[in-house]
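# Chains, contacts and geometry: an overview
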Amino acid sequence: STAGLRQHAHQDDLFSKSLSSVRQETAGMTVDIQSDAPTHSVLCGHLETVNSAAWSPDGCLLASASADTSVRVWSAAAGGEALHVLKGHTGYVYCVAWSADGALVASASGDQTVRVWEARGGACLHTLHGHAGTVRAVSFRPSCLARDATITTSAGLYLASAGHDGAVRLWDYESGDTVHVLEGHTDWVHVIRWSPDGSLLASGSKDNTARVWDPAQGTCVHVLSGHTGCVRALEWSLGSGQLATGSTDASLRVWDALSAQLLITMEGLKGHWISALAWSPDNTQLATGSVYGTVRLWDVASGTARFLSSSRRCASAVPVTQVAWSPSGERLVTAGADYMLRVWDARAGTCLHEMKGHRHVVTVAAWSPDGTRLLSASEDSTLRVWTAADWLPYKLPVRSEETYQDLQDQSTNLDSARAPPKATTPSDDLAPYKDLTSRLLGMLGAK
């Protein structure tokens, strides 16, 4: 309902103000985050939080979206020169995406619009109006056309967007016209993902469901029900037609997207919302991060999981914001509210590298297309590009000796988790951020 959307918009505003107050509380902090080696490139220019950043398909350019209302296009080469500052939005820019050919960049904003830009020229080609609330997600359709051979080439030029009005909109990104308005969700849509072949689109919502859509017909193919909390993360496997959904109910579900059959449900720790998830390139494992700092690798066939430590202590209570597999599947990167990125040996479960440098929550962690570099972005308003020579070696054992029950016991009392015991440096300097988790729980109102 309209009243419900207004209520949730108010909650989102409160959450943004909460993050703003955290920044004010920590503005005078001195944090020991110096690395033994400089990063490959530190990209400065944004004035506020960088909410989203992405590599171009060829790995030569970067695009970023910020709360300062701007979009920037950067060179990914050493030095990280800003090529274009794309201005026009009048609200926070929450998401940025590349077209499959790397020619276009799309951005989604709190001003209720989507914009399409020329990546190399910097011109705004279209301002897309139609959403009735903040637009949180935007994504170009992959270059492959749908399985239906009757679909014309022009029908494949889809750009999808979604946000607080509960609708998923499909646009023709050449003409700027609305193709379909996909309605059915009864609350915010947090995430949208195209299937690898571009034939289907999935969406996850605060109404506790995921939906699978046929973009050609503009119809809902399946409603995936079963979660008892907001579906905040979802990802397609590569080529198998399976869809994984992660929720604030702390569970992970894998579905056959064509039949809507639930293949497996994997239960996480009580209260440990799934904040990020990613399939391994071979489709055998899922990596998840939670708002209480746990990182798990799940075997999809058996449903079993092993834990990776996300800090030197057992319960960090610091949200994990990103998990991403390297293209080879040998490495995993995680990032979060402790200002750091960590690179893991996915097979051994050991931490290989710890990257320090950001001075605020890390919002983005993404491998370059060839897997040789890492992109990160942060609430400190910067982006960083890392190479192997820049990574600070750091050995951290996997929690192989800890049982599921050990960790479950730690999660029984959430109030205690929100006020964890004193930790070692640099976590001592991050004390204000331990309150961020409880604020997130309150402001987003998980069921």
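The rules we used
Residues numbered from 1 in each chain as written. Predicted model: local features only at pLDDT ≥ 70, side-chain atom pairs only at ≥ 80, totals over all residues. Heavy atoms only, no water. Helix = DSSP H or I, 4+ residues; strand = E, 2+ residues; numbered from the N terminus. Buried < 20%, exposed > 50% of the residue type's maximum accessible area, 1.4 Å probe, protein only. Contact = heavy atoms within 4.5 Å. Areas by Shrake-Rupley, 256 points an atom, 1.4 Å probe, with all protein chains shown as cover. Pairing = 2+ DSSP bridges. Salt bridge = Lys/Arg side-chain N within 4 Å of Asp/Glu carboxyl O. Phe/Tyr/Trp six-rings, centres within 6.5 Å; stacked < 30°, edge-to-face > 60°. Lys NZ or Arg CZ within 6 Å of the ring centre and 35° of its normal. Axes fitted to C-alpha atoms, helices over the stretch in contact; angles between N-to-C directions. pLDDT = per-residue confidence, 0-100. Polar contact = N/O pair within 3.5 Å; in protein donor to acceptor, adjacent residues only side chain to side chain. Core = buried A, V, L, I, M, F, W, Y, C linked by side-chain atoms within 4.5 Å.

## As for the overall build of the protein chain
Looking only at helices and strands, one finds 4 helices and 33 strands in the protein chain. Of all 447 residues assigned to the protein chain, the portion counted as buried reaches 60%. Across the protein chain, contacts joining residues at least 24 apart in sequence account for 52% of those joining residues at least 6 apart. Surface summary for the protein chain: the accessible area is close to 17,100 Å², and the carbon and sulfur share equals 50%.

## Notes on the pairing of strand β30 (residues 362-367)
Of all 6 residues in β30, 6 are buried; the element is thus mostly enclosed. By the bridge criterion, 5 bridges tie β30 to strand β31 (residues 373-378) in an arrangement that is antiparallel. Bridge pairing links Val362 to Ser378 in β31. The antiparallel pairing of β30 with β31 creates a hairpin that spans 5 residues between the two strands, and Gly371 there sits at a positive phi of about 75°.

## Remarks on the pattern of salt bridges
Tallying each qualifying case throughout the model produces 6 salt bridges. Measuring nitrogen to oxygen at the nearest pair gives 3.7 Å for the salt bridge that ties Arg120 to Asp58. Placement of the pair is Arg120 in the loop between β8 (113-118) and β9 (124-129) and Asp58 in the loop between β2 (50-55) and β3 (61-66), with a sequence separation of 62 residues. A relative accessible area of 56% places Arg120 in the exposed class.

## Topic: the packing of aromatic side chains
Summed over the entire model, instances satisfying the criterion amount to 3 aromatic pairs. Aromatic pair Phe140 and Tyr173: ring centres 5.0 Å apart, planes at 80°, arrangement edge-to-face. Of this pair, Phe140 sits in strand β10 (residues 135-140) while Tyr173 sits in the loop between β12 (168-172) and β13 (178-182), and the two are 33 residues apart along the sequence. Given the relative accessible area of 6%, Phe140 is considered buried. The side chain of Arg136 reaches across the aromatic face of Tyr94, ending 4.0 Å from its centre.

## Examining the sheet that holds strand β24 (residues 295-299)
Sheet strands pair via backbone hydrogen bonds, and the direction of the pair is either parallel or antiparallel. Strand order across the open sheet formed by 4 strands is β22-β23-β24-β25, with antiparallel pairing between neighbours. Strands with a single pairing partner mark the edges of an open sheet, and in this sheet they are β22 (274-279) and β25 (305-308). For this sheet the average axis-to-axis angle between neighbouring strands, irrespective of direction, equals 20°. Judged from the 5 bridges that link them, strand β23 (residues 285-290) and β24 form a sheet pairing that is antiparallel. Bridged to Thr288 within β24 is Arg296.

## Let's talk about the confidence of the model for the protein chain
When pLDDT is averaged across the protein chain, the result is 80; 73% of the residues are at 70 or more. Low pLDDT (under 50) marks residues 1-38, which in the prediction has 54 contacts with non-local residues, meaning those over four places away or in another chain.

## A word on the environment of Ser203
Relative to the assigned elements, Ser203 resides in strand β15 (residues 201-205). The exposure class of Ser203 is buried, given its relative accessible area of 0%. The spacing of Ser203 and Val231 is 28 residues in sequence and 8.7 Å in space, taken between C-alpha atoms. Setting aside its immediate chain neighbours within four residues, Ser203 contacts Val168, His185, Val189, Val191, Ile192, Thr209, Ala210, Arg211, Trp213 and Leu234. Side-chain polar atoms of Ser203 contact the side chain of Trp213, separated by 2.8 Å.

## Quick notes on the side chain of His272
Positionally, His272 belongs in the loop between β21 (261-267) and β22. Here the side chain of His272 touches Thr294 through a polar contact of 3.2 Å, side chain to side chain.

## What to know about the nonpolar core
Grouped together as the largest cluster of nonpolar side chains are 15 residues, with contacts concentrated most on Val114, Leu128, Val138, Phe140, Leu159 and Tyr173. Those elements giving two or more residues to this core turn out to be β6 (93-98), β7 (104-109), β8 and β10.

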